[in-house]
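# Understanding the architecture of this molecule
Single-letter residue listing:
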Amino acid sequence: MQQQKRPQEAVPEAPTLHPTAEEFKDPLAYVRGLRHEYGRFGIVKVVPPAGWEPASRATPKDAGRFSTKRQQLHRLQEGHPFEDGGHYSPEEYRAYGNKFKAEYMERHPELAAALEKVEHAGGGGGVEARVATVIEREYWRLVETAEEEVEVDYGNDICTSTFGTCFDPKASPRSPWDLSRITRTHSSALKHVSAVPGVTEPWLYFGSLFCTFCWHTEDHFLYSTSYLHRGANKTWYGIPTSDATKFEAAMRDSMPQRVKEDPDLLYHIVSLPSPMYLRSQGVKVYHAVQTPGSFMVTFPRAYHAGFSHGWNSAEAVNLAPADWLPFGRNAVALNAQKKKARRGAVFSHDWVVWQLAWSALELKKRCAQEGRPMPASVDWGILHSELQRTWEDEAALRAWLREFKIPEIQVERLQPPLKLEEECCVCQNLVFLSAVRCKRHKHVTCLNHAYTRCACEDSEKVLEIRVPDRYLSEMVGILGREVDSFNAAGVAGVGTDGADVATTDNKEAKRHLEEPEGVAGKRSKTEEE
């Protein structure tokens, strides 16, 4: 990307929300309720209600040392991987961050003077916004012009399961917004997923002045939330789901040579086209300044990026209310149909949906035995819609492959697929309902890529059916009857919110169902014979 200083323009503000104590008491219900009104911004800032004080601290107790990444601000628009930085304890890094900022201000007295001026200017409120504007202007001068070489160490992606959390695990009672527990609540679609750092287990982030998180979406297009425990503010930028494809095109156009060299560049989280450039390309971008004690929420498939204004500590994790499920399915479908730049799965989406369906039926059985109503967290409508669409796609793929008389075996394997053993060798999606195994080359593919990796004879392949057709069909029918019964009773909990946005926004994901990749060539070869 050709580095040039673009005119600074005001990026529209994302909403800052102030929920009531009642609204705030159930995190996933609250977050789910935000998307229809605020999803068009990509991000929102949430300020907890008065009186909400989490048991939180600046650093985990008895924490060890952590590694960092050394970020060269003047090269952030080149898309190169970050080098390793220093190793620090939390106390050492805090000292490093404070020293880095102090020395930077000493070298740039005009910046220090501008900050002092806006901090002491009259005019009432708005000091925070004016300070942020000055820091942001300096940040983009460094990033866009490369007039000056600046390096800073960033402590990112520190797993709390080994390093510790900044939320107090001994607090009583523990807040429902304690991010180390939030993915395991009864209403979380991730409650059955094993521990995945950064997804079901929070990551810690220690930042200094100008430390940057580059543009990215979350794995599987999940929601996310980030809590700023202590320290300086953070600037955030967000792009709504509706503009994700437009952003990806602008990103590729901004650095075509790097994308040609590395088609997966977008997933390395090392590239930072500026909001000014993106807006010039017609991409909607929104801005927020996160303050200590506040949360940021990102919506499914919403690209986001940002940087710190000084030393701080933050903690983040993914969220999965039921309305995320259609977005997760489209993340898998988009990944399967891409010729290049595939993003591997960290869990099997099909397995998650199957487990949620089974657990909902088990819960219904227990509630009936105990004479209590079903909890509102079970959304039969979304579960039915998701499993029905999954079965429709799966049935079509199975039918296509059965035309070629591939040997078929029943392998009832209902446990979650393992990353190394059950990953499609083409698209890196984790197979669960079925798979194709090549006996000659020993590799596994999803049904869509059965003929993509090799051209072996049909007799060399095996179609493994892990969940039989009858099981899937019957489960769809059972869930459909639950939806009908709830609708007839006029009971809430049968929504399909999420399906509309995910489907219309990701039309390109449907293309892979027109004909499985590689099967068209196989079909024509068979017809010639």
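So, a few notes on the structure that sits alongside this text.

Rules of the game
Residues numbered from 1 in each chain as written. Predicted model: local features only at pLDDT ≥ 70, side-chain atom pairs only at ≥ 80, totals over all residues. Heavy atoms only, no water. Helix = DSSP H or I, 4+ residues; strand = E, 2+ residues; numbered from the N terminus. Buried < 20%, exposed > 50% of the residue type's maximum accessible area, 1.4 Å probe, protein only. Contact = heavy atoms within 4.5 Å. Areas by Shrake-Rupley, 256 points an atom, 1.4 Å probe, with all protein chains shown as cover. Pairing = 2+ DSSP bridges. Axes fitted to C-alpha atoms, helices over the stretch in contact; angles between N-to-C directions. 1 Å grid on protein atoms, 1.4 Å probe; cavity = no way out; pocket = protein on both sides within 12 Å on 5 of 7 lines; lining within 4 Å. Points joined across faces, edges and corners; volume = space filled by probe spheres on them. Nonpolar A, V, L, I, M, F, W, Y, C, P; charged D, E, K, R; others polar. Polar contact = N/O pair within 3.5 Å; in protein donor to acceptor, adjacent residues only side chain to side chain. Parallel < 35°, antiparallel > 145°, perpendicular 65-115°, else oblique. Phe/Tyr/Trp six-rings, centres within 6.5 Å; stacked < 30°, edge-to-face > 60°. Lys NZ or Arg CZ within 6 Å of the ring centre and 35° of its normal.

### Points about the overall build of the protein chain
Within the protein chain, the secondary structure is distributed over 15 helices and 17 strands. Across the 529 residues in the protein chain, those meeting the buried criterion constitute 57%. Counted over contacts in the protein chain with a minimum sequence separation of 6, partners at least 24 positions apart contribute 81%. When the accessible surface of the protein chain is totalled, it reaches about 22800 Å², and 51% of it is carbon and sulfur.

### A look at the sheet that holds strand β4 (residues 83–88)
Read across the open sheet, the nine strands follow the order β1-β2-β11-β8-β13-β6-β5-β3-β4; overall the sheet is mixed. Because the sheet does not close on itself, it has two edges, and the strands there are β1 (16–17) and β4. Here helix α3 (residues 90–107) sits on the sheet and contacts β3 (66–72), β4, β5 (151–159) and β6 (203–207); the angle it forms with β5, its principal contact strand, is near 150°.

### Points about the layout of surface pockets
Within this model, the largest pocket holds a volume of roughly 730 Å³. Along the wall of the largest pocket there are 37 residues; nearest its centre are Asp157, Trp203, Tyr205, His216 and Ile269. Listed by contribution, the elements that provide at least two residues to the lining of the largest pocket are β3, β5, β6, β7 (212–216), β8 (223–231), β9 (234–239), β11 (295–298) and β13 (312–319). It is β7 that provides the largest number of residues to the lining of the largest pocket, a total of four residues. Residues that form the lining of the largest pocket fall into these classes: 18 nonpolar, 13 polar and six charged.

### A few points about the side chain of Thr145
Looking at the element boundaries, Thr145 is found in helix α5 (residues 127–145). Residue class for Thr145 comes out buried when judged on its relative accessible area of 17%. Here the side chain of Thr145 touches Arg141 through a polar contact of 2.5 Å, landing on its backbone oxygen.

### Quick notes on the pairing of β6
With four of its five residues buried, β6 lies for the most part within the structure. As paired strands, β5 and β6 are joined by three bridges and run antiparallel to one another. Residue pairing for β6: Gly155 is matched across the bridge by Phe206. Bridge count for β6 against β13 is five bridges, and the pairing is antiparallel. What sits directly across from Phe206, in β13, is Ser313.

### Digging into the side chain of Asp458
Among the secondary structure elements, Asp458 is positioned in the loop between β16 (444–445) and β17 (461–465). At 2.7 Å, the side chain of Asp458 and the side chain of Tyr451 are in polar contact.

### Regarding the sheet that holds β9
Pairing in this open sheet of four strands is antiparallel, and the strands run β7-β12-β9-β10 from one edge to the other. Unpaired on one side and paired on the other, β7 and β10 (286–290) mark the two borders of the sheet. If you compare each strand with its neighbour and ignore which way they point, the axes differ by 15° on average.

### Section: empty space enclosed by the protein
One pass over the full model with this rule turns up three cavities of 30 Å³ or more. As a volume, the largest cavity reaches approximately 200 Å³. His220, Phe221, Ala331, Asn335 and Arg343 are, among the 18 residues lining the largest cavity, the residues nearest its centre. Sorting elements by how many residues they give to the lining of the largest cavity places helix α10 (residues 325–337) first, with four residues. Here the lining of the largest cavity is built from residues that sort into seven nonpolar, five polar and six charged.

### Describing the packing of α10 against helix α11 (residues 349–370)
Contact geometry of α10 with α11 gives a least axis separation of 10 Å together with a crossing angle of 150°. Classified by the angle between their axes, α10 and α11 sit roughly antiparallel to one another. Along the contact surface, α10 presents Leu325, Gly328, Arg329 and Val332, while α11 presents His349, Val352, Val353 and Leu356. Across the contact of α10 with α11, the residue classes break down as five nonpolar, two polar and one charged.

### Some words on the packing of aromatic side chains
Aromatic ring pairs are reported here in terms of the distance separating the ring centres and the angle at which the planes meet. As enumerated under the stated definition, the model contains 35 aromatic pairs in all. Ring geometry for Tyr30 and Trp177: centres 6.4 Å apart, planes at 65°, overall edge-to-face. Taken together, the residues Tyr30 in helix α2 (residues 27–38) and Trp177 in the loop between α6 (160–163) and β6 connect sequence positions 147 residues apart. Of the residues examined, Tyr30 reaches a relative accessible area of 10% and is grouped as buried. What makes Trp177 buried here is its relative accessible area of 1%. Each ring, one from Phe163 and one from Phe206, has its centre 6.4 Å from the other, and the planes form 70°; the classification is edge-to-face. Remark: Phe206 occurs in strand β6 and Phe163 occurs in helix α6; sequence separation between them is 43 residues. According to the relative accessible area criterion, Phe206 is buried, its value standing at 0%. We note Arg94 situated over the ring of Trp311; from NZ or CZ to the ring centre the distance is 4.1 Å.

Scope: geometric values only; no functional claims are made or implied.
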